[in-house]
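# Summary of the model geometry
Letter by letter, the chains look like this.
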Amino acid sequence: NYRLLQTECGVWWFGGGTDITPSYIDKDDLKLFHGTYKEVCDKHDPEFYPKFKKWADEYFVIKHRGETRGLGGIFSDDMNDRDPEKLLEFYTDCVNSVVPAYVPIVKKHMNDEFTAQQKEWQGMRRGRYVEFNVVYDRGTIFGLKMGLNTERILMSLPLQARWEYDHQIEPGSPEADIMDAFKNPREWV
């Protein structure tokens with residue numbers, strides 16, 4: 001989700017980002033995803049990836065839970081500190097990197113089998129995605145407050161999500177591993 005905003009009085013800025021929200025850690029997937037965006041950032045400014053990764057790690061936090069909605073990516077806002085054509089090139093490269101960063105992961109896992117317990121966990125993680133988007137996401141809040149088309153604003157939400165009261169994770173489980181990563185952002189590349 002990348003954008004250029006411009007006011008009638010000539011004020012402009014770029015912003016947006018791409019993040020990944022898996023239910024389980026696959027280090028190779030995360031290296032591919034983060035590596036793709038690091039490469040894009042480094043092409044334009046070697047300071048972009050560490051800056052925008054940190055921004056994503058801080059932005060996508062579900063504050064009332066003390067965890068992130070996913071495992072990071074890149075995020076920026078209010079970017080107007082350089083030539084707009086250079087920023088347009090950067091953000092265009094980011095948009096064009098969604099497919100190479102994500103489609104190989106989908107292809108790799110599209111025929112994976114999942115247990116009922118794994119599907120329940122996925123539903124709970126989707127619930128966290130919903131929580132972030134409706135409680136904290138600036139774009140969602142802005143759109144709803146402005147009275148814009150509600151369905152258009154909420155269309156990125158998952159079709160199914162789950163909440164379970166006082167859910168306990170088994171120590172040492174894959175769910176515990178990813179929960180640690182949600183609470184303590186990691187470096188993947």
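Here we summarise the structure given alongside this text.

Cut-offs applied
All residue numbers here refer to positions counted from 1 along the written sequence of the relevant chain. Local features in this predicted model are restricted to residues whose pLDDT is 70 or higher, and side-chain atom pairs enter the listing and the counts only when it is 80 or higher, whereas totals over whole chains, interfaces and linings include all residues. Side-chain measures were taken over the full set of non-hydrogen atoms in the model, leaving aside hydrogen atoms and water. The helix count covers DSSP runs of H or I at least four residues long, the strand count covers runs of E at least two residues long, and both are numbered beginning at the N terminus. A helix's residues, less one, multiplied by 1.5 Å, set its expected span. For every residue, the accessible area (1.4 Å probe, protein chains only) is compared with the maximum for its type, and the residue is labelled buried under 20%, exposed over 50%, or partly exposed between those bounds. It is the directions from the helix axis to the C-beta atoms whose arc is reported. Between two residues, a contact is recorded if the distance between any of their heavy atoms is within 4.5 Å. In this text, buried Ala, Val, Leu, Ile, Met, Phe, Trp, Tyr and Cys residues form a nonpolar core when linked through side-chain atoms within 4.5 Å. Cysteine sulfur atoms that come within 2.5 Å of each other are treated as a disulfide pair. To pair, rings of Phe, Tyr and Trp, with the six-membered ring standing in for Trp, must have centres within 6.5 Å; the planes then decide the type, stacked if under 30 degrees apart, edge-to-face if over 60, and tilted in the middle. Here, over-ring charges are defined by two tests on the NZ atom of lysine or the CZ atom of arginine: distance to the ring centre within 6 Å, and angle to the ring normal within 35 degrees. The axes used here are C-alpha line fits, helices contributing only the stretch in contact, and every angle between their N-to-C directions lies in the interval 0 to 180 degrees. By definition in this entry, angles of less than 35 degrees are roughly parallel, angles greater than 145 are roughly antiparallel, angles of 65 to 115 are roughly perpendicular, and the rest are oblique. Under this grouping Gly is polar, as are all residues other than the nonpolar Ala, Val, Leu, Ile, Met, Phe, Trp, Tyr, Cys and Pro and the charged Asp, Glu, Lys and Arg. Left-handed describes a crossing whose near helix is turned anticlockwise from the far helix through less than a right angle; right-handed describes the clockwise counterpart.

This paragraph deals with unusual backbone geometry. For aspartate 78, which is not a glycine, the phi torsion comes out positive at approximately 55°. Take aspartate 78: it is sitting in strand E5 (residues 73–79). Even without glycine at this site, aspartate 166 takes up a positive phi of about 50°. In this structure, aspartate 166 sits in the loop between helix H7 (150–154) and helix H8 (174–183).

In this section: helix H3 (residues 84–96). Helix length check: H3, at 13 residues, gives a terminal C-alpha distance of 18 Å against a target of 18 Å (1.5 Å per residue), a fit within 8%. Every buried residue belonging to H3 is among Leu87, Phe90, Tyr91, Asp93 and Cys94, and all of these are buried. All buried residues of H3 fall inside an arc of 155° around its axis, so they share one side. Of the exposed residues in H3, the ones pointing more than 90 degrees away from its buried face are Glu85 and Asn96. Buried residues along H3 sit in contact with strand E1 (2–6), strand E2 (12–19), helix H1 (27–44), helix H2 (48–59), E5 and helix H4 (98–109).

What follows covers the nonpolar core. By size, the foremost hydrophobic cluster in this structure holds 27 residues, and its most contacted members are Leu71, Ile74 and Phe90. When contributions to this core are tallied by element, the ones reaching two or more residues are H1, H2, E5, H3, H4, helix H5 (116–135) and H8. Ranked by the residues each element gives to this core, the list is headed by H1, at 5 residues. Apart from the residues within four sequence positions on either side, isoleucine 74 is in contact with Tyr2, Gly16, Gly17, Thr18, Tyr37, Cys41, Tyr49, Phe52, Lys53, Ala56 and Cys94.

Under the counting rule described, the total for this entry stands at 0 disulfides. Here cysteine 94 stays free of any disulfide, with the sulfur of cysteine 41 as its closest cysteine sulfur at 5.5 Å.

What follows covers the packing of aromatic side chains. For the structure on display, the rule yields 16 aromatic pairs. On the numbers, 5.9 Å between centres and 55° between planes, the contact of tyrosine 2 with tyrosine 91 is tilted. Of the two residues, tyrosine 2 sits in strand E1 while tyrosine 91 sits in helix H3, which places them 89 residues apart along the sequence. Tyrosine 91 shares its class with tyrosine 2; the two are buried. Taking NZ or CZ as reference, arginine 125 lies 3.7 Å from the ring centre of phenylalanine 182, over its face.

Contact geometry of H3 with H4 gives a least axis separation of 5 Å together with a crossing angle of 15°. With respect to their mutual orientation, H3 and H4 come out roughly parallel. Touching Cys94, Val95 and Asn96 of H3 are Val98, Val99 and Pro100, all from H4. Here the residues of the contact of H3 with H4 sort into 5 nonpolar, 1 polar and no charged.

Here we come to the packing of H5 against H8. Angle between the axes and distance between the axes are the two parameters that describe a pair of packed helices. H8 packs onto H5 with a crossing angle of 15° between their chain directions and a minimal axis gap of 12 Å. Classed by the angle they form, the pair H5 and H8 counts as roughly parallel. Judged by the twist between their axes, the crossing of H5 over H8 is right-handed. Between H5 and H8, the residues in contact are Gln117, Trp121 and Arg125 and Glu175, Ile178, Met179 and Phe182, respectively.

To continue, consider the environment of proline 185. Mapped onto the elements of the fold, proline 185 is located in the segment after H8. In sequence terms proline 185 and aspartate 166 are 19 residues apart; their C-alpha atoms lie 23 Å from each other.

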